[in-house]
Amino acid sequence: MCLAMAIIAAAQQQPADLVVINAKIVTMDDQRPQATAFAMSDGKFVAVGDAATVAPYRGPRTRVIDARGHTVIPGLNDSHSHVVREGRLYNQELRWDGVDSLERGLAMIREQAKRTPKGQWVQVVGGWSPYQFKERRLPTVQELNEAAPDTPVFVLFLYSQGMLNRAGVEAMKLTPQTKAPEGGRFEFIEGGALLHAEPRPIILYQAVGKLPPMSAEEQINSNLHWYRELNRFGLTSVVDAGGGGHAYPKDYATADTLAKENKIPLRVSMYLFTQTAGTELQDFEKWTKEVKLNFNHATELLEGYVYEGAGENLVHSAGDYENFMAPPPELSDEKLRSELTAVTTLLVRKGWPIRIHATYDGTITKVLDVFEQVFKAENFKGRWVIDHAEGISAKNIERVKLLGGGVAVQNRMAFAGEYYAERYGKEAAATAPPLRKLLDSGIPLGAGTDLTRVSSYNPWLSLYWMVSGKTVGGTEIYPKENRLTREEALRLYTLGSAWFSGEEKMKGRIAPGQLADFAILSADYLSVPEEQIKNIESILTVVAGKIVYAIGPFQNLAPAPLPAVIPAWSPVAHFGGYQKQRPSGPRGQ
C-alpha cells in the first residue's frame, strides 16, 4: 500500500530534468545505502531507488542516462583547499602531480623551457613528493641548470624547500649578500640556490610572489580550465581556506566575476585569511563590517559562491606551519594568547565561523586554551574548526568535542610522511593524524587535500591514503588500527565535509531533497584493488543536475569545450594538469 501510494504521488510530480538508471549507487544515506536509479529536478534529487521508483518521473523532455553498471557517488567535497588562489595561477604552472619519475619531471622542464618566452619562468609549484619518483629523491640545482640553462626555473617542494636554477637566481637578483626573511635561509649552490624554510615559509611565499603574473584575460582562462580539471576527479564542492599570498579582495576579483556570471562549475565556500602579521585584528574588523556571509554570488547555483567565515590564518603568531624537514617553530605564548584572544573575541561577537591552522599538539593546546576562555565568556555556540591536526592528542580531541568543534584532515602526510617519520619516529607518524580516534570520537570530521602546494589536488590520493595508510611513494605509515574503511573515507569526503560549510543537511548524500551533485566513476571504488583507488577518475560529473564534465562512454554528453588555453606557451596547453592517462577524450573536455 505504501509503495503504491508513493508511486501515485510520484506520478503527480512534474517530469524530472534528469534520470540515471542501471547504476551502482553509493548514496551515503543511512535510510537507503544503495540504489540503482535516481531522478532530479531543479537541481535536487527527487527520487532514489530502482528503475520502477524513477519511472513515473520520466517525461518527454527528461534526459535519461544509462550508467551501464558504473559506480555512482555523491559529488566529492574538499573541506580544506586553496582553489581560488590556484585559479589565477594554474595555467602558468608545470604540474608534477602524478609524474612517476624525476627523469620525466626534468624532461618536462627541458621541453617547457624551450617554449617559454623571455621574461617568463618555468614553475613547478608543489603537489608532488620525491618518493613518488622511481629515483626517490629531490632534483639537484645542477639538474635544473642542465634542463633549462637560459630559462629561469623555480621548483617548490611542499612548504619545505624551493629550488632555483642559475637563470632563476639571476632573474631574482639574488646574491650571497641577500638577506633571507626571518625563519628562512638561502643556500647558493652550483650557480643556483636552495631556499630553506626553517621552518617559516615566508622565504617561499616571497619567491612565488616574485614570479610574473598572468594578464586578467589569461587568469580568466586559467580559472575555467582549473575548475574543469577539478570536475575531472568528481569534485563538486570545495571549502576554500584562503591562503598565503592571496589577498582579499584583489586576488578574488577574477573568481568573483566568474561566479557572478555562473561560470564556476562547483560550489565554493570561502574563509578569509589575513596576510600581514600585526594587522590581523584590523583586517577582521574591516571584513566583518564589509563582507556579507552566506550571500550567494552565483545566482544560478545554490550555495555556489559564498563567503563563509574567518581562517585558516587568524593570527600569524599562532602559525606552526608544516615543514617536517625542520623542527616546529617556537611560538610566543604571550603574543599568541593576546593576539588570538582579541581576534577570536571579535569574530565570536560578530557571529563569524572560524577555523585555524594547527599542526602540532602543543599549538592545538594553546589555541584551545584561548578558545575555551573566549567561548565561555561570550557564550559562543557557533561553528569552528581545527585544520590539519597531525599531532592532536586524545586529550585535545576530547576538548574539541566538548567545545563543539570540528577537525578537517588532509593527506599532507601522503606527501611528507617519510620526512615526518624520519624526524619524529615511526611510532609518532603512525597516528599523525589519529584518523580512527578522530572518527570514533564523534566530532565533525571532514577530508580534503590542502591543495595545491603541500599536496596534489587529486582527491583519490587522499581517499587512498586514508584507506591504505600509505604515502604516494608507497611507504606504509599507518597500521591497520589507524586506517579507515572505504565507506568511512568516502563519507568524510562527502557528508563529513559538508559540515564545514554548514551544509550537512543539504548535500553529501544521494537522497530526495539533497542537492543533485554526483559523479559516475571510471572504476568501482568499493571493490577495485586498493592500489587502484588512486587511479580512479570521474567519467561524468554533475553539479545541480547539470553535466559539467564527461568523457569516455559519456563523451557525447560533455559540456561545450573550453576556449583554448592561454597563454599559448602555457604548460597546461601542452601537458594538462594531473599527469595520468585519461580514460579517453581530448584534453580540457
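Before any of the text, the structure's been laid out above.
A quick note: this is a predicted structure, and the numbers were derived from the prediction, not measured.

Visitor: Would you explain the overall build of the chain in this entry?
Guide: Helices and strands together make up the secondary structure of the chain, namely 19 helices and 23 strands. Radius of gyration (C-alpha) of the chain: 24 Å, near the 25 Å computed for a compact globule of 589 residues. Taken along the three principal axes of its C-alpha coordinates, the chain extends 85 × 60 × 50 Å. Looking at the chain as a whole, 62% of its 589 residues are labelled buried. Pairs at least 24 residues apart make up 75% of the contacts formed inside the chain by residues separated by at least 6 positions. As displayed, the chain has an accessible area near 22300 Å², and 51% of this comes from carbon and sulfur atoms. Averaging the locations of the 64 positively and 66 negatively charged side chains of the chain gives two centres separated by 3 Å.

Visitor: Can you help me understand the sheet that holds strand β1 (residues 18–21) in this one?
Guide: Paired through backbone hydrogen bonds, the strands of a sheet run either parallel or antiparallel to each other. Read across the open sheet, the four strands follow the order β5-β4-β1-β6; overall the sheet is mixed. Only two strands of the sheet have a single partner each, and these edge strands are β5 (44–49) and β6 (63–66). Across the sheet, the mean angle separating the axes of adjacent strands is 15 degrees when strand polarity is ignored. In this structure, β1 lies alongside β6, joined through four bridges in parallel fashion. Across the sheet, the residue bridging to Leu-18 is Arg-63, located in β6.

Visitor: Sorry, what's going on with the side chain of Lys-507 here?
Guide: As for its position among the elements, Lys-507 is in the loop between α18 (486–498) and β21 (518–521). In this structure the side chain of Lys-507 is engaged in a polar contact, spanning 2.9 Å, whose partner is the side chain of Glu-503. Among all residues touching Lys-507, those that are not within four sequence positions of it are Asn-77, Ser-237, Arg-267, Leu-495, Ala-498, Ser-501, Gln-514 and Leu-515.

Visitor: Explanation requested: the layout of surface pockets in the structure shown.
Guide: Where empty space is left in the structure can be found by rolling a water-sized probe over the atoms. Size it by volume and the largest pocket reaches roughly 710 Å³. Along the walls of the largest pocket sit 39 residues, with Tyr-205, Asn-313, His-316, Gly-319 and Tyr-321 positioned nearest its centre. Those elements that place two or more of their residues in the lining of the largest pocket are α7 (202–209), α11 (333–350) and β17 (354–358). Considered class by class, the residues forming the lining of the largest pocket number 13 nonpolar, 14 polar and 12 charged.

Visitor: Can you help me understand the side chain of Thr-288 in this one?
Guide: Secondary-structure assignment places Thr-288 in helix α10 (residues 280–290). Filtering out sequence-adjacent residues up to four positions away, Thr-288 remains in contact with Leu-347, Lys-350 and Trp-352.

Visitor: Would you mind going over the environment of Pro-130 with me for this structure?
Guide: Take Pro-130: it is sitting in the loop between β9 (122–125) and α5 (141–147). Note: C-alpha distance between Pro-130 and Asp-100 (30 residues apart in sequence) is 9.4 Å. With sequence-adjacent residues up to four places away left out, Pro-130 is seen in contact with Arg-136, Arg-137, Leu-138, Phe-157 and Tyr-419.

Visitor: How should helix α8 (residues 216–231) be read in this particular structure?
Guide: Along an α-helix, a turn takes 3.6 residues, which lines up residues three or four apart on a common side. When the terminal C-alpha atoms of α8 are compared, their 23 Å separation across 16 residues agrees well with the 22 Å that a helix rising 1.5 Å per residue should span. Most of α8 is tucked away: 13 of the 16 residues are buried.

Visitor: Could you clarify how one ought to interpret the sheet that holds strand β10 (residues 153–157) in this entry?
Guide: In spatial order, the strands read β9-β10-β11-β13-β12; together these five strands make up an open sheet with mixed pairing. Every other strand in the sheet has two partners, leaving β9 and β12 (184–189) as the edge strands with one partner each. Across this sheet, the average inter-strand angle for adjacent strands is 15 degrees, counted without regard to direction. Across four bridges, the pairing between β9 and β10 is parallel. Across the sheet, residue Val-124 finds its bridge partner in β10, namely Val-155. On top of the sheet, helix α4 (residues 102–115) reaches β9 and β10; it is set at about 145 degrees to β9, its chief contact. Set on the sheet, α7 makes contact with β9, β10, β11 (161–164), β12 and β13 (192–197); between it and β13 the angle comes to about 130 degrees.

Visitor: So what exactly am I meant to see when it comes to the nonpolar core here?
Guide: One recurring pattern in soluble globular proteins is that nonpolar side chains are buried together. By size, the foremost hydrophobic cluster in this structure holds 176 residues, and its most contacted members are Trp-96, Ile-109 and Phe-518. Counting residues in hydrophobic clusters, the runner-up holds eight residues, among them Val-19, Ile-21, Ala-47 and Val-54.

Visitor: Even after reading the chapter, I still don't get the packing of aromatic side chains, so can you show me in this structure?
Guide: Pairs of aromatic rings are described using the distance from one ring centre to the other and the angle between the two planes. A full pass over the atoms with the stated rule returns 32 aromatic pairs. With a centroid separation of 5.7 Å and an interplanar angle of 70 degrees, the aromatic rings of Tyr-131 and Tyr-419 are classed as edge-to-face. Residue Tyr-131 is located in the loop between β9 and α5, and its partner Tyr-419 is located in helix α14 (residues 413–424); the two are separated by 288 residues in the primary sequence. Judged by its relative accessible area of 18%, Tyr-131 falls in the buried class. The class of Tyr-419 is buried, set by a relative accessible area of 13%. Both rings, one in Phe-233 and one in Tyr-578, keep their centres 5.6 Å apart while their planes meet at 85 degrees; by these two values the pair is edge-to-face. In this pair, Phe-233 is assigned in the loop between α8 and β14 (235–240) and Tyr-578 in the segment after α19 (571–575), connecting sequence segments 345 residues apart. The same class applies to Phe-233 as to Tyr-578, namely buried. Clustering of aromatic rings is evident, with ring pairs tying together Trp-96, Trp-128, Tyr-131, Phe-133, Phe-157 and Tyr-419. Note that Arg-68 overlies the ring of Phe-554, its terminal NZ or CZ placed 5.7 Å from the centroid. For Arg-355, the ring lying beneath its charged end belongs to Tyr-271, and the centroid distance is 4.9 Å.

Rules used throughout
Just so you know, the residues in each chain are numbered from 1, in the order the chain's sequence is written. Under the rules for a predicted model, residues below a pLDDT of 70 receive no local features and side-chain atom pairs below 80 are neither given nor counted, while totals for whole chains, interfaces and linings still include all residues. The basis for every side-chain value is the complete set of heavy atoms in the structure, and neither hydrogens nor water enter the calculation. The helix and strand labels rest on DSSP assignments: H or I over at least four residues marks a helix, E over at least two residues marks a strand, and numbering proceeds from the N terminus. The atom set for the radius of gyration is the C-alpha atoms, and the globule formula is 2.2 Å times the number of residues raised to the power 0.38. Each residue is assigned to one of three classes by its accessible area relative to the maximum for its type, calculated with a 1.4 Å probe on protein chains only: buried under 20%, partly exposed between the two thresholds, exposed over 50%. Contacts between residues were defined by any pair of non-hydrogen atoms, one from each residue, lying within 4.5 Å. Reported accessibility uses the Shrake-Rupley method at a 1.4 Å probe radius. Residues are deemed covered only where the shown protein chains occlude them. Counted charges follow a simple rule, with Lys and Arg positive, Asp and Glu negative, and His plus the chain ends left uncounted. Just so you know, the charge point we use is NZ for Lys, CZ for Arg, CG for Asp and CD for Glu. Any two strands are treated as partners once DSSP identifies two or more bridges connecting them. Orientation is described by axes fitted as lines to C-alpha atoms, over the contacting stretch for helices, and by angles from 0 to 180 degrees between their N-to-C directions. By the criterion applied in these results, polar contacts are pairs of N or O atoms within 3.5 Å in which, for protein atoms, one can donate a hydrogen and the other can accept it, and in which residues neighboring in sequence qualify only through two side-chain atoms. We place a 1 Å grid over just the protein atoms. Points where a 1.4 Å probe fits but has no way out form a cavity, open points with protein on both sides within 12 Å along at least 5 of 7 lines form a pocket, and any residue with an atom within 4 Å of a point lines it. Grid points are joined across faces, edges and corners, and a volume is the space filled by probe spheres set on the points. Polarity classes work like this: nonpolar for Ala, Val, Leu, Ile, Met, Phe, Trp, Tyr, Cys and Pro, charged for Asp, Glu, Lys and Arg, and polar for all others, with Gly in that last group. For a helix, the expected span equals 1.5 Å multiplied by the residue count minus one. Put simply, a nonpolar core is a bunch of buried Ala, Val, Leu, Ile, Met, Phe, Trp, Tyr and Cys residues held in one set by side-chain atoms that sit within 4.5 Å of each other. Note on ring pairs: Phe, Tyr and Trp rings are taken, using the six-membered ring of Trp, and paired if centres are within 6.5 Å. Classes follow the plane angle, with under 30 degrees stacked, over 60 edge-to-face and the rest tilted. Distance and angle both matter: a charge sits over a ring if NZ of Lys or CZ of Arg is within 6 Å of the ring centre and within 35 degrees of the ring normal.

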